[in-house]
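Topology and contacts: notes
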Amino acid sequence: MRTLDDIQEEYEFLEGDERYRLLIELGRDLEPMPDALKTDATLVRGCSAQVWVYPTQEGERLHFLADSNAAITKGIVALVLSAVQDKPAAKVAAMDVTDALEPFDLKNQLSSNRTQGVPNMIALVREHAARIAGG
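Residues numbered from 1 in each chain as written. Predicted model: local features only at pLDDT ≥ 70, side-chain atom pairs only at ≥ 80, totals over all residues. Heavy atoms only, no water.

1. Quick word on the confidence of the model for the protein
- Of the residues in the protein, 98% have a pLDDT of 70 or more, and the chain-wide mean is 91.
- Element-level pLDDT for the protein is lowest in helix 7 (residues 112-115), with a mean of 69, against a maximum mean of 95 in strand 2 (residues 61-68). (pLDDT = per-residue confidence, 0-100. Helix = DSSP H or I, 4+ residues; strand = E, 2+ residues; numbered from the N terminus.)

2. Focus on the pattern of salt bridges
- For the coordinates displayed, the defined rule picks out six salt bridges.
- Of the charged contacts, one joins E10 and R2 as a salt bridge, the two residues approaching to 2.5 Å between their closest N and O atoms.
- Exposure remark for E10: the relative accessible area of 31% places this residue in the partly exposed category.
- Judged by relative accessible area, which is 26%, R2 ranks as partly exposed. (Salt bridge = Lys/Arg side-chain N within 4 Å of Asp/Glu carboxyl O. Buried < 20%, exposed > 50% of the residue type's maximum accessible area, 1.4 Å probe, protein only.)

3. Some thoughts on the pairing of strand 1 (residues 51-58)
- Across eight bridges, the pairing between strand 1 and strand 2 is antiparallel. For E58, the partnering residue across the bridge sits in strand 2 and is R61.
- Counted between consecutive antiparallel strands, the loop separating strand 1 from strand 2 contains two residues, among which G59 sits at a positive phi close to 70 degrees. (Pairing = 2+ DSSP bridges.)

4. Section: the packing of helix 3 (residues 71-84) against helix 8 (residues 118-133)
- One can describe the packing of helix 3 onto helix 8 by two numbers: an axis separation of 11 Å at closest approach and a directional angle of 35 degrees. When the axes of helix 3 and helix 8 are compared, the crossing they make is right-handed. Two secondary-structure elements touch here, helix 3 through I76, V77, V80 and V84 and helix 8 through V118, M121, I122 and V125.
- Split by residue class, the contact of helix 3 with helix 8 holds eight nonpolar, no polar and no charged. (Axes fitted to C-alpha atoms, helices over the stretch in contact; angles between N-to-C directions. Left-handed = near helix turned anticlockwise from the far one by under 90°. Contact = heavy atoms within 4.5 Å. Nonpolar A, V, L, I, M, F, W, Y, C, P; charged D, E, K, R; others polar.)

5. Quick word on the packing of aromatic side chains
- Enumeration according to the criterion identifies one aromatic pair in this entry.
- When the centroid spacing of 5.0 Å and the interplanar angle of 65 degrees are considered together, the rings of Y11 and F104 count as edge-to-face. Pair noted here: Y11 is in helix 1 (residues 4-12) and F104 is in the loop between helix 5 (97-101) and helix 6 (106-109), with a separation of 93 residues, a long-range link.
- Y11 gets classed as buried once you look at its relative accessible area, which sits at 3%.
- You can call F104 buried: its relative accessible area is 1%.
- A cation over an aromatic ring shows up here: K38 above the ring of W52, its NZ or CZ 5.6 Å from the ring centre. (Phe/Tyr/Trp six-rings, centres within 6.5 Å; stacked < 30°, edge-to-face > 60°. Lys NZ or Arg CZ within 6 Å of the ring centre and 35° of its normal.)

Structure (structure tokens):
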């Protein structure tokens, strides 16, 4: 998975539809999530599209599997995960993911229905991180 800094560097040089294409590409590059994990328990609430996020743990590091039934939304999911993927749980729990995504200006780049679930997804990721970091 590409780092958030690498994605941001490319994103800054793009405009409009090119940014959409980049998000779609990021979504396509997500590690596949098995259909068996796409359950009500892994569904992120409040998203206009269906989004599933499944946390795993590798030592102290968090690793997430995720998917969406909408290409742009899947790209946004990939963007959020690029900020936290394979980082120590304690670091993710303390991280301001919203601030890390601020350079992408998603609220002004995308329609509100595409971004309405982002805070819920970030909250879910941070809750998992806090639970794992706490013991």
